[in-house]
Amino acid sequence: MDSKEEIHERLKQVLVELFEIDPAKIKPEANLYQDLGIDSIDAIDLLLRLKELTGKKIQPETFKHVRTVADVTDAIHALGLSDAAIGS
Amino acid sequence: MMLRDTPGYNWLDYGWRLFGTGLSFACFGLGGVLLSLTLFPLIRLVSRDRDTTRRRIQRAMQYTFRVFLWQMTTLGVISYEVSGRERMAGRGQLIVANHPSLIDVVLLIALLPEVDCIVKQALWRNPFLRWPVAWADYIPNSGSAEELVASAAANLRSGRSLIVFPEGTRSVPGQPLNMQRGAARIALAAAAQLVPVTIVCQPLMLAKTQPWYHIPPSRGHWRLVVGEPLPAAQFTGAGIPEALAARHLTQFLVEYFSRSVTAVTQQGANAAASLTPNCTMP
C-alpha cells in the first residue's frame, strides 16, 4: 500500500506543517539540514511527529545517519508499514 | 586610503589607544588568572551552598567586568552609553542581544548583578577559568542542543535571567544578521519575557574579522539600547507546533535587530524612543 511516493507526499505535508518549509524545496535529494534549514532540535520534533503518525519509533541512532528527505522516506519505509497507512 | 589620511587621525592618539588596548587585554587575561586563584576560590570557600556561591561569584564577575570597563574607558580606548537599563531588572528574563564585538558580554554582565550566560566549550577546559565558570553555574555549550535548551529554560523558570546571543557568534560586518533558533527555543520552553538589547559600536572595533590591534582611526563607542520586553508566549497558540513558533520568533528577532541596529547607528541613543513602539510585536 505505502509506496515510497506516498510516504514522500505525507512527509512533505509534515515538513510544511511543522516548519513551514516551501513545498517546492522538498525533493527526495534535498538535504534536511543544509537545504531545508532543519536544526538538531527540529529533527527531534520531526521524529516525535513521525512517531505519532506511524505509531512506530524511528531510532534516534538511525536518524543520525539521515541526511536527505529520501533517507527519511526510506527509514519510514523500512519500518514496514505495509498495511498501516501513515497518517490516514 | 592610508590611515594617516583619515580625517581626525592623530598618530599620538592612535598610538596611545593601541597601547591601551593591548594593556587592557593583557590585564584581562592576567586578571582572570589571578582572580581564579584568589578571589573566586575564596568566595567558594566562604559560601555555604551552591546557590550562595553562584550568586556571589556572579556578583564578583559583575564587579570584575566593571573594573575592566573602567580601565578601558579611563585609558580612552573605548566609551559606552546605555539606555533603558531598568528594563533588564526583572527576574527570569531572557536577554537577547546582537553581537557586534568581543566585549558585548562584558558590557552586559557589567550591567547585571546576577545573570547566567552560555559559555563555550573552550573555557570549561581552561585550567584557570573552568572553576569560576562552574561556580557561577554558567551553562556549558556542550552536549546536545536539547539538553542546553532544557537546562537554560529550567533556570529561567526558577527566576534566573540569561544572556543569549542568537547569532551564536559575532556578527560578520556588512552581512545580514543570521540567527539560530536556539534562543527562541529557550524562550518558548520557559515562556519567558524576552528583553532585546541592541548593541552598536562605532567606529567598529573588536569585531569578528578584526584582531585586537586593528583599532579604528578614532575611539570605539558602544551604544546599548534596551528595547521593550515582549513575552515569548505571543508566538505560541493552539495548533502552532513549537518548531514553527521558534521560526516565527527568530524571524521576528532578525527583523527587529536589523531595524534597530540601523536606527541606533543613524540616530544614536535617541533611537531608544523611536525604536520601542515601532519594533514591538506587529
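Predicted, not measured: the structure shown is a model, and the values here were computed from it.

Colleague: Teacher, can you tell me more about the packing of helix H1 (residues 4–19) of chain A against helix H4 (residues 69–78) of chain A here?
Modeller: The description of two packed helices rests on the angle between their axes and on the distance between the axes. Residues and elements named next belong to chain A. For the pair H1 and H4, the least separation of the axes is 9 Å and the interaxial angle reads 115 degrees. As for how H1 packs across H4, the hand of that crossing is right-handed. Residue-level contacts link Lys 4, Ile 7, His 8 and Leu 11 of H1 to Val 69, Val 72, Thr 73, Ile 76 and His 77 of H4. Looking at the contact of H1 with H4, its residues break down into five nonpolar, three polar and one charged.

Colleague: Which parts of the structure should I look at to understand the packing of helix H3 (residues 50–74) of chain B against helix H4 (residues 104–111) of chain B?
Modeller: Residues and elements named next belong to chain B. Where H3 contacts H4, the two axes come as close as 8 Å, and the packing angle between them is 120 degrees. In terms of their interaxial angle, H3 and H4 are classed as oblique. In this structure, H3 crosses over H4, and the sense of that crossing is left-handed. Between H3, through Met 61, Gln 62, Phe 65, Arg 66, Phe 68 and Leu 69, and H4, the contact on the second element is made entirely by Val 106, Leu 107, Ile 109 and Ala 110. Of the residues that constitute the contact of H3 with H4, the class distribution is eight nonpolar, one polar and one charged.

Colleague: Which parts of the structure should I look at to understand the interface of chain B and chain A?
Modeller: It is common to give the size of an interface as the accessible area lost on bringing the parts into contact. Tallying the contact residues gives 12 residues for chain B and nine residues for chain A. In terms of residues, the side of chain B that touches chain A owes the most to one element, helix H9 (residues 242–267) of chain B, which gives four residues. Per-class residue counts for the side of chain B that touches chain A are five nonpolar, two polar and five charged.

Colleague: Help me understand the nonpolar core in this model?
Modeller: Side chains of a nonpolar character, in soluble globular proteins, are inclined to be buried together. Residue and element names in this part refer to chain B. Core analysis: the biggest nonpolar cluster contains 83 residues, and Leu 94, Ile 95, Ala 187 and Leu 249 have the highest contact counts within it. Among the elements that line this core, the one with the most residues is H9, at 10 residues. The residues contacting Leu 249, other than those within four sequence positions of it, are Ala 184, Ala 187, Leu 188, Ala 232 and Phe 235.

Colleague: Can you walk me through helix H2 (residues 40–54) of chain A in this structure?
Modeller: Note: α-helices contain 3.6 residues per turn, so residues at a spacing of three or four share the same orientation. When the terminal C-alpha atoms of H2(A) are compared, their 21 Å separation across 15 residues agrees well with the 21 Å that a helix rising 1.5 Å per residue should span. Along H2(A), the residues that are buried comprise Ile41(A), Asp42(A), Ala43(A), Leu46(A) and Leu50(A). Against H1, helix H3 (60–64) and H4 of chain A together with helix H7 (145–157), helix H8 (182–190) and H9 of chain B lie the buried residues of H2(A). Where H2(A) terminates, the next one or two residues include Gly55(A), which has phi positive at roughly 75 degrees.

Colleague: Sorry, what's going on with the environment of Val200(B) here?
Modeller: All names here are of chain B. Summarising the element assignment, Val 200 is placed in strand S6 (residues 193–202). When the 23 C-beta atoms within 10 Å are taken as the criterion, Val 200 is described as buried. Through-space distance from the C-alpha of Val 200 to that of Asn 98 is 8.6 Å; in sequence the pair is 102 residues apart.

Colleague: Just to check I follow, could you spell out the environment of Arg157(B) for this structure?
Modeller: Residues and elements named next belong to chain B. Along the chain, the position of Arg 157 falls in helix H7. The sequence separation of Arg 157 and Ala 191 amounts to 34 residues, and the corresponding C-alpha distance is 8.1 Å. Leaving out residues up to four positions away in the same chain, Arg 157 has contacts with Gly 92 and Ala 190.

Colleague: Sorry if this is basic, but what is going on with H4(B) here?
Modeller: All names here are of chain B. The buried fraction of H4 is high, at six of eight residues. Turning to H4, its buried residues are Asp 104, Leu 107, Leu 108, Ile 109, Ala 110 and Leu 111. For H4, the secondary structure elements touched by its buried residues are H3, strand S1 (78–83), strand S2 (93–97), strand S5 (162–164), S6 and strand S7 (220–226).

Colleague: Hey, could you run me through the confidence of the model for chain A in this one?
Modeller: Atomic detail in the predicted coordinates should be set aside for any region of low pLDDT. All names here are of chain A. Averaged over all residues, the pLDDT of chain A equals 86, while 90% of them reach at least 70. Within chain A, no element has a lower average pLDDT than H3, which sits at 80, and none a higher one than H1, at 93. Low pLDDT, under 50, characterises residues 82–88; the stretch is placed with 15 contacts to residues that sit more than four places away or in other chains.

Colleague: Please explain unusual backbone geometry as it appears in this structure.
Modeller: Backbone phi values are negative for most residues with the exception of glycine, while trans is the configuration of most peptide bonds. In this structure, Pro203(B) follows Gln202(B) across a cis peptide bond, with omega equal to -15 degrees. Position of Pro203(B) relative to the elements: it lies in the loop between S6 and S7. With a phi close to 50 degrees, Glu20(A) is a non-glycine residue in the positive phi region. Positionally, Glu20(A) belongs in the loop between H1 and H2. Its identity as a non-glycine residue notwithstanding, Leu206(B) has a phi of 55 degrees, on the positive side. Topologically, Leu206(B) is positioned in the loop between S6 and S7.

Conventions and cut-offs
- Residues numbered from 1 in each chain as written.
- Chains lettered and ligands numbered in written order.
- Predicted model: local features only at pLDDT ≥ 70, side-chain atom pairs only at ≥ 80, totals over all residues.
- Axes fitted to C-alpha atoms, helices over the stretch in contact; angles between N-to-C directions.
- Helix = DSSP H or I, 4+ residues; strand = E, 2+ residues; numbered from the N terminus.
- Left-handed = near helix turned anticlockwise from the far one by under 90°.
- Contact = placed C-beta atoms within 7 Å.
- Nonpolar A, V, L, I, M, F, W, Y, C, P; charged D, E, K, R; others polar.
- Parallel < 35°, antiparallel > 145°, perpendicular 65-115°, else oblique.
- Core = buried A, V, L, I, M, F, W, Y, C linked by C-beta atoms within 7 Å.
- Buried ≥ 20, exposed ≤ 12 C-beta atoms within 10 Å, placed from the backbone.
- Expected span 1.5 Å × (residues − 1).
- pLDDT = per-residue confidence, 0-100.

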